[in-house]
Structures are given as structure tokens and as C-alpha cells.
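Residue-level structure breakdown
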Amino acid sequence: MSTPPLASGHEHPHALRPLLDTVLEALDTGARTRGGPLPAGGPEAVAGRIREAAGDVLPDRGDPHALRTLVHAFAATAADPAHPLCAAHLHCPPLAVAAAADLAASALNPSMDSWDQAPGASELERLIATALAREVHPAGTPDSLVTTGGTESNQLALLLAREAHGGSVRLVCGANAHHSLPRAAWLLGLPEPVVVPAPGGTLDPEALDATLTRLSGPLIVAATAGTTDAGLIDPLPEIAAHCAAHGARLHVDAAYGGGLLFSDRHRTRLTGLDAAATVTLDLHKLGWQPVAAGLLTVRDPHDLTALRQRADYLNADDDTEAGLPDLLGRSLRTTRRPDILKLAVTLKTLGRSGLGALVDQVCAHARQFAALVDAHPDFELHAPPVISTVLFRPTGATSATVAAVRRALLTDGSAVLGRARLDGRLWLKATLLNPVTGPDDLAALLHLAAASRATLVEGHTPR
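For the structure given in this document, a descriptive report is provided here. Just so we're clear, the structure is a prediction, and the values are computed from it rather than from any experiment. Counting from 1, residues in each chain are numbered in the order their sequence is written. Only residues with pLDDT of at least 70 get local features here, since the model is predicted, and only at 80 or more are side-chain atom pairs given and counted; chain-wide, interface and lining totals rely on the full set of residues. Hydrogens and waters are ignored; side-chain quantities use all the structure's heavy atoms.

1. Section: the overall build of the chain
Basically, it comes down to this: Put simply, DSSP marks the helices as runs of H or I at least four residues long and the strands as runs of E at least two long, and each gets a number from the N terminus on. Both definitions apply: the radius of gyration is a C-alpha atom measure, and the globule rule equals 2.2 Å times residues to the power 0.38. For every residue, the accessible area (1.4 Å probe, protein chains only) is compared with the maximum for its type, and the residue is labelled buried under 20%, exposed over 50%, or partly exposed between those bounds. Whether two residues touch is decided by their heavy atoms; if any such pair falls within 4.5 Å, the residues are in contact. Computed by Shrake-Rupley with a 1.4 Å probe, the accessible areas treat only the displayed protein chains as cover when residues are assessed. In this charge count, Lys and Arg are treated as positive and Asp and Glu as negative; neither His nor the chain ends contribute. Charge positions come from single atoms, namely NZ of Lys, CZ of Arg, CG of Asp or CD of Glu.
Assigned secondary structure in the chain consists of 14 helices and 12 strands. A globule of 463 residues ought to have a C-alpha radius of gyration of about 23 Å, and the chain, at 24 Å, matches this closely. Within the chain, the fraction of its 463 residues that count as buried is 51%. Considering only contacts in the chain between residues 6 or more positions apart, those separated by 24 or more positions represent 71%. Surface summary for the chain: the accessible area is close to 21,400 Å², and the carbon and sulfur share equals 56%. Of the side-chain charges in the chain, 38 are positive and 48 negative, and the distance between the mean point of each set is 4 Å.

Rendered as C-alpha cells:
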């Protein structure tokens, strides 16, 4: 058997072209086979299709058609975030230009743990990390680290807070906080977090003030700008003021809402964000990047000294003294891929106005969908959307019925809606991150939910 071609090198990139044609064809035929936002049949049916396509996953002799077969099956059994009826999670359809840049990153395969593995990528990361940090913290000399997403960013934020306070800090967060925050406190061996009430889905500033008044010792308050259940934003200016008055460090999890910074129309919803010591961003949400594209911005770059490590084969003292950049203190990971390239290409290609327009579009879609729900006699709207998430439920339905409606849509593959529990009730969740969604798509999404409820519960055609 001849040696398979590599993806990079002097001549090997040409080997990618026919493979890309195969992939693109298989993506197209797979999507046509699927026919909707989700494969029909539920988990067992999907698992059967994958098992059939995969066959012997480690055969004695290789299969030259494996790329076409498996990519087709992968696409045919995917939840496609680019389908307008796929609207359950903070799972965005990536921009074509970002996916193309990601291909280049995969082909060249730099590893962002030493300069001699990623010479150009390390400088590009420095430029983009600084630029995005300044979007959040316009004063001073802020910095940011590239992460795999909100979970890693939140964990890093608590780690930096712990080290800044000499090895001990206590987390104070709202009942609406992302699960990764208390989990990070547990992983880092921090005291049990103090949970502050979040009536209506946002952290209560007065309850926070009372909590900070009775607590002692180093504290980090975690606020949320864009909850995963309803897309709500905590009252950041009031929270920041209470943190300043009590000497507590502030972290803001803006994994969802951080993308509003690109929009002239919506960025004021993040007023107070710059008061945070650290901020979590995810551009694989309102940034339309392939996973992963997370960041943690840091107002004071001195906080990052806690991450410094020495490994002679990666950042020897004499190499750094000679001017080779030290990358090992830029992450908790060692080997990491150059996710910065797709970010850089997207920012340069679209600019602030282009990204802002996409943010404005999905926020407008959410308002339009909320208006459809509000006008429909068979549905109840939870509240007007703050970002691009809409919670709704069939009027008079039990939580069990709401859950059954969602699962029925998933099983037949017609629509993908999420779920959220607020005010003691279960709601259907539409997270609208597809900028090309149209009015007919929004109407179809609501009609499918109505038809599913009618079929399950009432046995008649919905109005």
C-alpha cells in the first residue's frame, strides 16, 4: 500500500481537492437523505443507520470509499443548525468563510504550545486576543485567552480569582448561573458556592447586596449576560456597584450575550460589562464560528501570571530570553489547535458592521417569532425576548405535555426545539441563531408545535 497523501507540504495540498469534492457531495446527498433539521426515527433508528454505514470500524484492509460513506451518514444523521427549523440550542450555523479557514488550520495543524510549532499563528492569536479584550475592557491593557468555550472560560475565571486572592475565594452566583460555575468551584476545591435568588430569571441585586454584607473573606461574584434558558441579562451596573462597595471580584459569563458587543443597536444591553475582572465569551454562539471558539477576557493582565509554567522543551529560559514567545502560559491545555485563524478571518471579512448586522437579524427574528406566539390563541409567550431566545408553551398544557410535544418533533425529525423550566413550569425554547431564517420559517415552526400538541393531546387539527 502506498503512503496516503498528507494535507500540507509542498505538493500534498493538491490531494485535498478531490477529497473536498467528495466531502461536499456527501454533505449534499446526506442532507437530502435527512430531509429536515433532524434525522427521523429517534435514537435507536439513528444508531442503526450509523452502525450500518460504519460496519467494521477497524477492518484488516482499508475501504477507499470510507470518506464518502461516513460523511454521507454523518450528514444524514446530523442535527443541522443551518436548517431554519433547528432552533433548540446555542448551536449556531457556522459561516462558510469560518469553516474554510478552519480547514486551513486543520491542514497545517499548528500546535499553540510553542512558537516553533506555530510561529505565525502565535502572533495572530496575540493580535486577535488583544482586540477582542479591548471590546470588553476599553481602558488599560487587557488581554484574553482562547478557550474551548464557556465551561473552560468559567473555570479559568475562578482559577485566576483564587490565585489573585492567595489561594482561596468563594463563589457567589445567581440561581440562574450556568452549571459550569458551581462545577468549576468543585473542581478547584473552592468552598460551597453561595447561591443568590434570581426571581424572573435574573440575579436579584438587593439579595446580592445582603449576601455580600453577611459574608466575609475573598469573594467572586459571577453574573450572567445571556442565560442559556431564556437569554436573560443580569442587571450588570447594579451588580458591579455592589461588588465595588463590598470589595468583591466580578466575573461575567457572557458566553451567549457577549456577541451583542458587535451591534450598535444592542451593545448597550451590556452596559457595566467593563467593570468585570474577567468575562467569558463564546463566538461559536453569536459569532457564527465552528466549535470551538471561546475566550476569557482579563482586565488586568497580571492575573495571567498564575498560569505560567516552565517546560524546557517548549519554553526554555534561554529561548524566551532570546525573544521566542512563551505560549505555555496562555492556556491550561498544552497541545491546542489554532482556533484563532477562523476568528481572525471572520472579523477581517465581515468587520464590526457585518457581524453586528447578523446579531441584529437574529434578535429581530426572535421578536417576530414572539409576536407570532403572542397572537396565536393556542400558545402562551413567557416574555418578550432579550436576545434571540423565545420561550413559549401550549396554552393550558401540563409540563408533561410540553415535554411530549418536543420529543414528538424530535422523533419525526420535523423541528428541533429546546426546553427550559422557569416559574415552576416547562417551556418550549426556540433559540434563533440562523440569520437567514425567514418569516415563513418562523410560522412553520409554530405550526409544527401546534400540530404536534394537537396530535398528542386533542386529536384535531390546530387552528
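So that's the structure; there's more coming.
2. Points about the sheet that holds strand β6 (residues 249-254)
Our working rule: By the convention used here, strands pair only if DSSP detects at least 2 bridges between them. Angles shown run from 0 to 180 degrees and are taken between the N-to-C directions of axes, each axis being a line fitted to C-alpha atoms and, for helices, limited to the stretch in contact.
Read from one edge to the other, the open sheet built from seven strands follows the order β2-β8-β7-β6-β5-β3-β4, with strand pairing classed as mixed. Of all strands in the sheet, those with a lone pairing partner are β2 (143-147) and β4 (194-196), marking the two edges. Between one strand axis and the next, the sheet turns by 20° as a mean value, whatever way the strands run. The pairing of strand β5 (residues 219-224) with β6 spans five bridges and is classified as parallel. The residue bridging V221 from the neighbouring strand is L250, located in β6.

3. What about the pairing of strand β7 (residues 278-282)?
With respect to burial, β7 is a largely interior element, five of its five residues being buried. Two strands pair when backbone bridges link them, and β6 and β7 are joined in this way by four bridges, in the parallel orientation. By the bridge assignment for β7, D253 is matched with T280. Pairing analysis gives five bridges linking β7 to strand β8 (residues 294-298), with the strands arranged antiparallel.

4. With respect to the sheet that holds strand β11 (residues 416-422)
Whenever strands of a sheet pair, they do so through backbone hydrogen bonds, lying parallel or antiparallel. Here we have five strands laid out as an open sheet, ordered β1-β11-β12-β10-β9, and mixed in their pairing. This sheet does not close on itself; its edge strands, each paired only once, are β1 (86-87) and β9 (379-381). The strands touched by helix α12 (residues 340-375) are β9, β10 (389-394) and β12 (425-431); relative to β10, the strand with the most contacts, the crossing angle is about 15°.

5. Considerations on the side chain of R393
Going by this rule: Salt bridge, as used here: a side-chain nitrogen of Lys or Arg that lies within 4 Å of a carboxyl oxygen of Asp or Glu.
Examined against the element boundaries, R393 turns out to sit in strand β10. For R393, which is buried and forms no salt bridge, the nearest opposite charge comes from E380, at a distance of 4.5 Å. Not counting the four nearest positions on each side in its chain, R393 is found in contact with D378, F379, E380, T398, S399, V402, R425, L426 and W427.

6. Here we look at the packing of helix α8 (residues 205-214) against helix α9 (residues 236-246)
Here is the rule: The labels follow the angle: roughly parallel below 35 degrees, roughly antiparallel above 145, roughly perpendicular from 65 to 115, and oblique for the rest. By convention, the crossing between two helices is left-handed when the near helix turns anticlockwise from the far helix through less than a right angle, and right-handed when the turn is clockwise. Gly is placed with the polar residues, together with every amino acid not listed as nonpolar (Ala, Val, Leu, Ile, Met, Phe, Trp, Tyr, Cys and Pro) or charged (Asp, Glu, Lys and Arg).
Here α8 crosses α9 at 15°, and the two axes come no closer than 10 Å. As summarised for this structure, α8 and α9 are arranged roughly parallel, according to the angle between their axes. The way α8 lies across α9 gives a crossing that is right-handed. Along the contact surface, α8 presents P205, L208, D209, L212 and T213, while α9 presents E238, I239, H242, C243 and H246. Across the contact of α8 with α9, the residue classes break down as five nonpolar, three polar and two charged.

7. Here we look at unusual backbone geometry
Residue A292 is reached from V291 by a cis peptide bond, and omega for that bond is 10°. Phi angles above zero are rare outside glycine, and W288 is one such case at about 60°. Considering the arrangement of structural elements, one finds W288 in the loop between β7 and β8. A positive phi angle, near 55°, is found at D423, a position not held by glycine. Among the secondary structure elements, D423 is positioned in the loop between β11 and β12.

8. Details of the side chain of H251
To keep it simple, the criterion reads: Residues adjacent in sequence count toward polar contacts only when both atoms are side-chain atoms; beyond that, a polar contact is any pair of N or O atoms within 3.5 Å, and within protein one must be able to donate a hydrogen and the other to accept it.
Here H251 is to be found in strand β6. For H251, a relative accessible area of 0% gives the class buried. Engagement of the side chain of H251 in a polar contact is seen with the side chain of T278, the distance being 2.8 Å. Here T280 takes part through its side chain, which lies 3.4 Å from a polar atom of the side chain of H251. Not counting residues within four places of it along the chain, the set of residues in contact with H251 comprises N154, A157, L181, I220, V221, A222, A223, T278, V279, T280 and L296.

9. Considering the pairing of β6
Selection criterion: For the handedness criterion, the strands are oriented away from the viewer, and a crossover whose path from the first strand over the helix to the second runs clockwise is classed as right-handed.
Summarising burial for β6: six of the six residues are buried, a large majority. Along β6, one buried face is formed by R249, H251 and D253 and the opposite face, lined by L250, V252 and A254, is buried too. The parallel pair β5 and β6 is bridged by α9, and the resulting crossover is right-handed.

10. Let's talk about a negative patch on the surface
To be explicit about the condition: Two distance rules govern patches: like charges are joined within 9 Å, and nonpolar side chains (Val, Leu, Ile, Met, Phe, Trp, Tyr) within 5 Å, applied only to residues with over 30% relative accessible area and no salt bridge.
On the surface, a cluster of negative charge is contributed by D116, D312, D318, D319 and E321. Here the negative patch takes three residues from helix α11 (residues 317-321), the largest share from any one element. Within the secondary structure, D116 sits in the loop between α4 (96-108) and α5 (119-136).

11. As for the packing of helix α6 (residues 150-164) against helix α7 (residues 180-187)
Axes are the key here: two packed helices are described by the angle between their axes and the distance separating the axes. Relative to each other, α6 and α7 sit at 50°, their axes nearing to 9 Å. Classified by the angle between their axes, α6 and α7 sit oblique to one another. You can see that α6 and α7 cross each other, and the crossing is right-handed. Two secondary-structure elements touch here, α6 through G150, T151, N154, Q155 and L158 and α7 through S180, L181, A184, A185 and L187. A per-class count over the contact of α6 with α7 returns five nonpolar, five polar and no charged.

12. So, the pattern of salt bridges
The final tally for this structure, using the stated rule, is 19 salt bridges. When the shortest N-O distance is used, the salt bridge between R336 and E125 registers 2.8 Å. Of this pair, R336 sits in the loop between α11 and α12 while E125 is found in helix α5, placing the two residues 211 residues apart along the sequence. The burial state of R336 is the same as that of E125; both residues are buried.

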